[in-house]
Each structure stands twice: as structure tokens, then as C-alpha cells.
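Residue-level listing of the chains:
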Amino acid sequence: MLAPKKVKFRKWQKGRLRGLAHRGSSLAFGDIGLKTTQHGHLSSQQIEAARIAMMRHIRRGGKVWIRVFPDRPVTAKPLETRQGSGKGAPVGWCAPIKPGRILYEVKGVPYELAKQALTRAAHKLPVKTVIVTKEGF
């Protein structure tokens, strides 16, 4: 699973995801990519599950780039704990996602195969996505 080596703060406040993604909103490495159309949080487990689904379908061909990294801590209180008594302990990592963000990019495989692989990856994610391509691919 993806996780940062070191962070400045152990627990974060929630905050709000508003607006569109400006960074990471265009294809930079591959010919075809998976772009979000919704706000949300992707856990490290979801990012990894989508990557595995994609790689198994491509079968060792081409190259895949993961364009998101889970660097935000997720906290949870133990089960059957009463309200109050502070914030829970960190239990995992997530990546906040804004609409327009490119999640995965693929290069070096035929268009149809890449499209099927990205569709399989999209089924593992909790946000709505679209498949985007470079001009002339």
C-alpha cells in the first residue's frame, strides 16, 4: 500500500473539497488516462486495487503511471466508544480528489486494451471517471 514516509502532522482537520483540479488535470506521460468527474477521497487500498486490476488486464505490456498519492491521514475511533474524549488514532491514508484530476495514465498498449484496463480500474474506485486520450492516439 502507498503511504508517506514522514509527515509534519499526525492528524489533520477534515476541510472541504471545492472547485476543480488545476494541477494534474492533463495527460503528461501516457497516451490514455483516467480522469475524475467528482470530488472524493481515494484510500491507499482503492488506489492499489485499481492498479492491480489494470495491470492484470494489460499483462506485463506497456507502462502505467499512478498520478495520485495518499498523503492525508484518516482517523477513526475504536468500536463501541462513547462520543467525546478527543480525535481517534490514524488508521490509514487517503488522497483528496477534485474533478478533472488524472488518476492513471497508460502508454505502450493498443487503444482497445488500454480502454478496457482503465474501465476495470474505474470499477474499483468510489468516484465517477471518464477515459481521456491525447490527440492523434
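Provided above is the structure to which this section pertains.
Given the structure is predicted, the values throughout are model-derived calculations rather than measurements.

### Topic: the packing of helix 1 (residues 44-58) against helix 2 (residues 111-123)
Where helix 1 meets helix 2, the axes come as close as 8 Å, and the angle between the chain directions of the two elements is 155°. Here helix 2 runs roughly antiparallel to helix 1, going by the angle between their axes. Considering the relative orientation of helix 1 and helix 2, their crossing is right-handed. Here helix 1 contributes A50, A53, M54, H57 and I58 to the contact with helix 2, which in turn contributes L113, Q116, A117, L118, R120 and A121. When grouped by side-chain class, the residues that make up the contact of helix 1 with helix 2 number eight nonpolar, two polar and one charged.

### Concerning unusual backbone geometry
A positive phi angle, near 60°, is found at E80, a position not held by glycine. Structurally, E80 is set in the loop between strand 4 (72-76) and strand 5 (89-97). Its identity is not glycine, yet S85 carries a phi of approximately 55°, on the positive side. Looking at the secondary structure, you find S85 in the loop between strand 4 and strand 5. Judged by relative accessible area, S85 falls into the exposed class, the value being 70%.

### Remarks on the environment of S26
Considering the arrangement of structural elements, one finds S26 in the segment before strand 1 (32-36). When the C-alpha atoms of S26 and P70 are compared, they prove to be 19 Å apart, with 44 residues separating the residues in sequence.

### Considering the sheet that holds strand 2 (residues 40-43)
Read from one edge of the open sheet, three strands run 2-5-4, paired in antiparallel fashion. Two strands lie at the open edges of the sheet, namely strand 2 and strand 4, each paired on one side alone. Neighbouring strand axes in the sheet, compared pairwise and without regard to direction, differ in orientation by 50° on average.

### Some remarks on the side chain of E105
Note that E105 resides in strand 6 (residues 102-107). With relative accessibility at 0%, the residue E105 sits in the buried group. In terms of polar contacts, E105 uses its side chain to reach the backbone amide nitrogen of A28, at 3.1 Å. Ignoring sequence-local partners within four residues, the contact set of E105 consists of S26, L27, A28, F29, G30, I32, G33, K63, V64, W65 and R67.

### A look at the sheet that holds strand 6
Pairing is antiparallel in the open sheet, where four strands are placed in the order 3-6-1-7. The outermost strands of the open sheet, each flanked by one partner alone, are strand 3 (63-66) and strand 7 (129-133). Between one strand axis and the next, the sheet turns through 20° on average, direction left out of account. Pairing analysis gives four bridges linking strand 3 to strand 6, with the strands arranged antiparallel. Looking across to strand 6, one finds that I66 is bridged to Y104. Sheet contacts for helix 1: strand 3 and strand 6; angle to strand 6, the most-contacted strand, approximately 20°. The sheet contacts of helix 2 involve strand 1, strand 6 and strand 7, and relative to strand 1 the element is tilted by about 25°.

Rules and cut-offs
Numbering of residues starts from 1 in every chain and runs along the sequence as written. In keeping with the predicted nature of the model, local features appear solely for residues at pLDDT of at least 70, side-chain atom pairs appear and are counted solely at 80 or more, and the whole-chain, interface and lining totals rest on all residues. Working from all heavy atoms in the structure, the side-chain values ignore hydrogens and water. Helix axes use the C-alpha atoms of the stretch in contact, all axes being lines fitted to C-alpha atoms, and the angles between their N-to-C directions lie in the range 0 to 180 degrees. Segments assigned H or I by DSSP are reported as helices when at least four residues long, segments assigned E as strands when at least two residues long, and all are numbered from the N terminus. Angular relationships are summarised with four words: roughly parallel below 35 degrees, roughly antiparallel beyond 145, roughly perpendicular across 65 to 115, and oblique for the angles in between. Take the far helix as the reference: if the near one is turned anticlockwise from it by less than a right angle, the crossing is left-handed, and if turned clockwise, right-handed. Contact criterion: two residues are considered in contact whenever any of their non-hydrogen atoms come within 4.5 Å of each other. The classification used treats Ala, Val, Leu, Ile, Met, Phe, Trp, Tyr, Cys and Pro as nonpolar, Asp, Glu, Lys and Arg as charged, and all other residues, Gly among them, as polar. Partly exposed residues are those whose accessible area sits between 20% and 50% of the maximum for their type, while under 20% is buried and over 50% is exposed, using a 1.4 Å probe and protein chains only. Note on pairing: two strands pair once DSSP finds at least 2 bridges between them. Under this definition, polar contacts are N or O atom pairs within 3.5 Å; protein pairs additionally need one hydrogen-donor-capable and one acceptor-capable atom, and for neighbouring residues in sequence, both atoms have to be side-chain atoms.

Spatial relationships are all this shows, so hold off on functional conclusions.
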